[in-house]
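As a plain string of letters, each chain reads:
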Amino acid sequence: MTLEEAKRYVLWRAKEMGLEAELLFLEDRELSLRAREGALEEVKEARQGGLGLRVAVEGKVGYAYTEDLRPEALDWALAEARENALLTGREGSLPPGKPLGSQDLLGEGLSAPLEAKTEAALALDAALRQDPRTKALLFAAYSERERRFSLASTLGMEGSYRTGLAALTGSFVLAEGDSRKQGWDLAPSKEFHALDPGRTALDFLEKTARLLQARPLRTGRYRAYLEPRAMAGLLAVLAEALSGKNALEGKSRLLGRLGERIASPLVTLLDDPTLPQGLASRPFDAEGTPARPVALIEAGVFRTFLHNTETARALGQANTGHAHRGYRSTLDVAPSNLYLKPLGNLALREGVLIAEFMGLHAGANPVTLDFSLQALGLWVEEGKAQYPLENFAVSGNLLELLQGVEGLGAELGWHPMGPSALGSPLVAVAELSFAGA
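Predicted, not measured: the structure shown is a model, and the values here were computed from it. Here the residue numbering is sequential within each chain, running from 1 through the sequence in written order. Restriction of local features to residues with pLDDT of at least 70 applies here, the model being predicted, together with a cutoff of 80 or more for giving and counting side-chain atom pairs; totals for whole chains, interfaces and linings are based on all residues. Hydrogens and waters are ignored; side-chain quantities use all the structure's heavy atoms.

Asks: Outline the overall build of the protein chain, listing residues and values.
Replies: Runs of H or I in DSSP of at least four residues are treated as helices and runs of E of at least two as strands, each being numbered from the N terminus. Looking only at helices and strands, the protein chain features nine helices and 22 strands. Here the globule rule is a power law, 2.2 Å times the number of residues to the power 0.38, and the radius of gyration is based on C-alpha atoms. For the protein chain, whose C-alpha radius of gyration is 24 Å, the value lies close to the compact-globule estimate of 22 Å for 437 residues. The dimensions of the protein chain, computed from C-alpha atoms along their principal axes, are 75 × 55 × 35 Å. Relative to its 437 residues, the protein chain shows a buried fraction of 53%. Two residues qualify as a contact provided that any one of their heavy atoms is within 4.5 Å of a heavy atom in the partner residue. In the protein chain, the proportion of contacts linking residues at least 24 apart, taken out of those at least 6 apart, comes to 72%. Where the 48 positive side-chain charges of the protein chain centre and where its 57 negative ones centre are 3 Å apart. Exposure classes here rest on a 1.4 Å probe applied to the protein chains alone. A residue is buried below 20% of its type maximum, exposed above 50%, and partly exposed in between. In this tally Asp and Glu are treated as negative and Lys and Arg as positive; neither His nor the chain ends contributes. In plain terms, the charge of a residue is placed at NZ if it is Lys, CZ if Arg, CG if Asp and CD if Glu.

Asks: Tell me about the pairing of strand β5 (residues 134-153), and name the residues and values.
Replies: Within a regular beta strand, the side chains point alternately toward one face of the sheet and then the other, so they alternate between its two faces. With 14 of its 20 residues buried, β5 lies for the most part within the structure. Two strands pair if DSSP finds at least two bridges between them. Looking at chain direction, strand β1 (residues 20-36) and β5 are connected through 14 bridges and run antiparallel. Bridge pairing links Arg29 to Glu146 in β5. The loop that links β5 with its antiparallel partner strand β6 (residues 158-176) comprises four residues; one of these, Gly156, has a positive phi angle of about 100°.

Asks: Give a description of the packing of aromatic side chains that names residues and reports values.
Replies: What counts as a ring pair is set by centres within 6.5 Å for rings of Phe, Tyr and Trp (its six-membered ring), and what kind of pair is set by the plane angle: stacked under 30 degrees, edge-to-face over 60, tilted for all other angles. Counted under the stated rule, the structure contains 11 aromatic pairs. Taking 5.3 Å as the distance between ring centres and 80° as the angle between the ring planes, the aromatic pair formed by Tyr161 and Phe284 counts as edge-to-face. Residue Tyr161 is located in strand β6, and its partner Phe284 is located in the loop between β10 (269-271) and β11 (294-298); the two are separated by 123 residues in the primary sequence. Note on Phe284: relative accessible area 1%, which makes it buried. Taken together, a centroid distance of 5.0 Å and an interplanar angle of 90° make the contact between Phe302 and Phe305 edge-to-face.

Asks: Give me the lowdown on the packing of helix α1 (residues 3-16) against helix α2 (residues 71-88), citing residues and values where you can.
Replies: All axes are obtained by fitting lines to C-alpha atoms, using only the stretch in contact for helices, and the reported angles, taken between N-to-C directions, cover 0 to 180 degrees. Close contact between α1 and α2 brings their axes to 10 Å; oriented N to C, the two are set at 45°. When the axis of α1 is compared with that of α2, the two are oblique. Where α1 crosses over α2, the handedness of that crossing is right-handed. Seen from α1, the contacting residues are Ala6, Tyr9, Val10, Arg13 and Ala14; seen from α2, they are Pro71, Leu74, Asp75 and Leu78. In the contact of α1 with α2, the residues fall into seven nonpolar, no polar and two charged. Convention used here: angles under 35 degrees read as roughly parallel, angles over 145 as roughly antiparallel, angles from 65 to 115 as roughly perpendicular, and any remaining angle as oblique. Here a crossing is called left-handed whenever its near helix is offset anticlockwise from the far helix by less than a right angle, and right-handed whenever the offset is clockwise. Each residue gets one label: Ala, Val, Leu, Ile, Met, Phe, Trp, Tyr, Cys and Pro are nonpolar, Asp, Glu, Lys and Arg are charged, and the others, such as Gly, are polar.

Asks: Any chance you could break down the packing of helix α3 (residues 114-130) against helix α4 (residues 197-209) for me, citing the residues and the numbers?
Replies: It is at 8 Å that the axes of α3 and α4 come closest, and there the two elements cross at 40°. Taken together, the axes of α3 and α4 lie oblique to each other. As for the relative orientation of α3 and α4, their crossing is right-handed in sense. In this structure, α3 uses Ala120, Ala123, Leu124, Ala127 and Leu128 to contact α4, whose residues at the interface are Pro197, Thr200, Ala201, Phe204 and Leu205.

Asks: Lay out the side chain of Asp285 in plain terms, naming residues and giving numbers.
Replies: For Asp285, the position within the fold is in the loop between β10 and β11. Salt bridges are counted wherever a side-chain nitrogen of Lys or Arg sits within 4 Å of a carboxyl oxygen of Asp or Glu. Put simply, Asp285 is tucked away with no salt bridge, and the nearest opposite charge, on Arg282, sits 5.5 Å away. At 3.0 Å, the side chain of Asp285 forms a polar contact with the backbone nitrogen of Ala323. Any N or O atom pair separated by 3.5 Å or less is treated as a polar contact, with the protein-specific requirement of one donor-capable and one acceptor-capable atom, and with residues adjacent in sequence counted only for side-chain atom pairs.

Asks: Describe the side chain of Asp272, and please don't skip the residues or the numbers.
Replies: You can see Asp272 is positioned in the loop between β10 and β11. The buried charged residue Asp272 lacks any salt bridge, with Arg282 as its nearest oppositely charged partner at 8.8 Å. The contacts of Asp272, once residues within four sequence positions are left out, are Pro293, Ser336, Asn337 and Tyr339.

Asks: I'd love a proper account of α2, names of residues and values included.
Replies: In this model, α2 (18 residues) spans 26 Å end to end at C-alpha, consistent with the 26 Å of a helix rising 1.5 Å per residue. Looking at the buried side of α2, the elements it contacts are α1, β2 (39-57) and β3 (60-66). Backbone geometry just downstream of α2 places Gly89 in the positive-phi region, at approximately 65°. Expected span, for any helix, means 1.5 Å times one less than how many residues it has.

Asks: How would you summarise the nonpolar core if you had to cite specific residues and measurements?
Replies: In plain words, nonpolar cores are sets of buried Ala, Val, Leu, Ile, Met, Phe, Trp, Tyr and Cys residues tied together by side-chain atoms within 4.5 Å. In this structure, Leu226, Ile354, Leu401 and Phe434 are the most contacted members of the largest nonpolar core, which totals 52 residues. It is helix α5 (residues 228-241) that provides the largest number of residues to this core, a total of nine residues. The residues touching Ile354, leaving out its near neighbours within four places in the chain, are Ala224, Tyr225, Leu226, Glu227, Ala230, Ala375, Leu376, Gly377, Val394 and Phe434. Residues Leu122, Tyr142, Ala187 and Leu212 belong to the second largest nonpolar core, which totals 27 residues.

Asks: Give me the sheet that holds β10: which residues, what numbers.
Replies: Strand order in the open sheet formed by six strands is β12-β11-β10-β15-β21-β20, with mixed pairing between adjacent strands. The strands lining the two open edges of the sheet, one partner per strand, are β12 (301-302) and β20 (413-417). Strand direction decides the pairing type here: β11 and β12, joined by two bridges, are antiparallel. Note that in β12 the partner of Ile297 across the bridge is Phe302.

Asks: Residues and numbers for the pattern of salt bridges, please.
Replies: For the coordinates displayed, the defined rule picks out 37 salt bridges. Measuring nitrogen to oxygen at the nearest pair gives 3.3 Å for the salt bridge that ties Glu4 to Lys7. With Glu4 and Lys7 both in helix α1, this residue pair falls three residues apart, about one helical turn. When its relative accessible area of 41% is taken as the criterion, Glu4 is described as partly exposed. You can call Lys7 buried: its relative accessible area is 2%. Ionic pairing is found between Glu406 and Arg349, a salt bridge with its closest N-O pair at 3.5 Å. Highlighted residues: Glu406 in strand β19 (residues 405-408) and Arg349 in the loop between β15 (337-340) and β16 (351-358), separated in sequence by 57 residues. A residue is classified by how much of its surface remains accessible, and Arg349, at 45% relative accessible area, is partly exposed.

The values are spatial; any link to function lies outside them.
In structure tokens, the structure reads:
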């Protein structure tokens, strides 16, 4: 069966069985071209996809999936979803829907020939090796992902979209005297033709080279300047606390704090799936709720959690259109393009510029929002970075950090993480605790 035939068949059979049914079809195509020492070392291309079902019967919801679109496999998946609903006893219903149309958010973004993409990986490899400080180049790579998403239900909802992403990635070791630093970086774009291997290599090298010949940092409390990459990692932790699903499960420190000031008045945190060229933009969520910009924190005030229909109904709040699930998973919540609104009111004074955090998964607690993280950075004085720092850790609480924000840069830096993209300008925080020498 084609996908369209499978959709029609499932909806017809569901109605025949007396079920409310929602089907989600997802297909990912991934390409990776890895270069090393002037040659193409590895080529990988893979496709994965399937059809996920969510059905409602007798006021209960159940899930099942199949990667086989033959009628007998679809019949099995419907029966399995119905049985799971009755066995698990999970109360719920499906949202009503409407036609959503078909949208292409990718266009010709990944349409370049394979030869051009190979050349991009080789050009990045050559540019990284050209620097005399490069002592080891682990890899230089071009990668892309194309996603096709389709949704339909017995309650009238139907829509689809295509999206994708291209990126250049490099991993290397730089040395200067007896100082060595390993660098890893990624430059993403919605358009292959927007990627520039030469410029990207220079950017990768500059970010790592500035950390060579680092000095120890004395333990103390200092003003902190968080670069976009470092702040994006903390936003990923904060997103867990902003999840309506986690709040419903008692796993969010923000539960019961709607309408309270939880951050500096300078802080506005937005999630906008409608951003043109946004790395995680989408026309609707995994339940067919149309995309719209949402202010989660506005001028420091906590306005809303990220919700799907289930979490919004359970907490008595408005659905924000952030339902997320794969074809093999159950309903969840996830941000799209989540970012701190830039202001352009930041001026460098004395303090520590944090370039990146290490060990976010182990060192940051998404429930308490406490963190203690190893970091790399530079000492800032007289309005500019003076010398690099190493062997220090930064600790605190993410809400206290947000309350201490005293300036935000003018330009956003974006970092894809899972199904989302996290964006931040340079962020100045009045004071953080640093453990060093």
